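# Reading the structure
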Amino acid sequence: MNQDAARSPGVAVVIGSGSVKCAASLGLINVLNRAGIGIDMLVGCSAGCLYATIIASGKTTADAMEMTRALWTSTITRKHNHRALLRTAFPKLFGFDSRYGLRDDTLVVQRLEAAFGDSRIENIKIPLHLTATDFANGSQAVFSRGRALDAIRASIAVPFLFSPWPIDGRLYLDGYMSDPLPVGVAMREGANIIVAMGFESPYQDDINSVAALRSR
């Protein structure tokens, strides 16, 4: 057998963006488990980062559901960032910068810390790659090392809802903005088989616009 082929990952699971809909990926994991298909790599984007990290950490899907109930509730976006509201109303007085976000992310970060602590991506059981979007140029960023918490928080930074997240001196936004279903990451990492579950289309706005024009 070719040594490169022996070392290359067999099956990669890619979980795209989609907010709470990403929980459906747990059904996919259950199907693979029942079929006896091992997962050699996980790639996550936006909320998909949360599930990719949980599964890569060796948790069962039952554990993942319990963690979802603790992490992903409506309360995480309920608290307003009052300073951001003042910046919106009075930008000259309070300043308006790249760290703008309408919702307070304190609870989100607390829950991510409780779930993942200081776990580092490179030390997680199954190889894991989490994607976000570089705030400065809109390009895709792939995190294969570093704190899982930072990569997840960066990748769920929905523009104007949560502020961009700093990692190593750069700011990052929701991974959806650059690629809602980052199959290309699994391809570049050498996966032989890619199982992808996506929930958002990068062309959805264009599709909706065309449909609206045709209906006139």
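As a reminder, the structure under discussion sits directly above these lines.
Keep in mind it's a predicted model, so treat the numbers as computed, not measured.

### Here's the deal with the overall build of the chain
Broken down by element type, the chain carries 10 helices and 7 strands. Expressed as a percentage of its 216 residues, the buried residues of the chain come to 40%. Contacts spanning at least 24 positions in sequence make up 70% of the contacts within the chain whose residues lie at least 6 apart. About 11400 Å² of surface is accessible on the chain, with carbon and sulfur atoms providing 55% of the total.

### A short note on the packing of helix H3 (residues 47-56) against helix H4 (residues 61-71)
A pair of packed helices can be characterised by two numbers: the angle between their axes and the separation between those axes. The contact between H3 and H4 brings their axes to 10 Å, and the two run at 140 degrees. On the basis of their axis angle, the class for H3 and H4 is oblique. Handedness of the H3/H4 crossing: right-handed. Touching Leu50, Tyr51, Ile54 and Ile55 of H3 are Thr61, Ala64, Met67, Thr68 and Leu71, all from H4. Grouping the amino acids of the contact of H3 with H4 by side-chain chemistry returns 7 nonpolar, 2 polar and no charged.

### Overview of the nonpolar core
Within the largest apolar cluster, 42 residues are counted, with the highest numbers of intra-cluster contacts made by Val13, Leu42, Leu112, Leu128, Leu130 and Phe143. Looking at this core, the element that brings in the most residues is H3, giving 8 residues. Dropping the residues within four chain positions of it, Leu130 is found in contact with Gly44, Cys49, Ala52, Thr53, Ile121, Ala141, Val142, Phe143, Ala148, Ala151 and Ile152. Among the nonpolar cores identified, the runner-up in size contains 7 residues, and Val43, Val185, Ala186 and Ala191 belong to it.

Criteria and cut-off values
- Residues numbered from 1 in each chain as written.
- Predicted model: local features only at pLDDT ≥ 70, side-chain atom pairs only at ≥ 80, totals over all residues.
- Heavy atoms only, no water.
- Helix = DSSP H or I, 4+ residues; strand = E, 2+ residues; numbered from the N terminus.
- Buried < 20%, exposed > 50% of the residue type's maximum accessible area, 1.4 Å probe, protein only.
- Contact = heavy atoms within 4.5 Å.
- Areas by Shrake-Rupley, 256 points an atom, 1.4 Å probe, with all protein chains shown as cover.
- Axes fitted to C-alpha atoms, helices over the stretch in contact; angles between N-to-C directions.
- Parallel < 35°, antiparallel > 145°, perpendicular 65-115°, else oblique.
- Left-handed = near helix turned anticlockwise from the far one by under 90°.
- Nonpolar A, V, L, I, M, F, W, Y, C, P; charged D, E, K, R; others polar.
- Core = buried A, V, L, I, M, F, W, Y, C linked by side-chain atoms within 4.5 Å.

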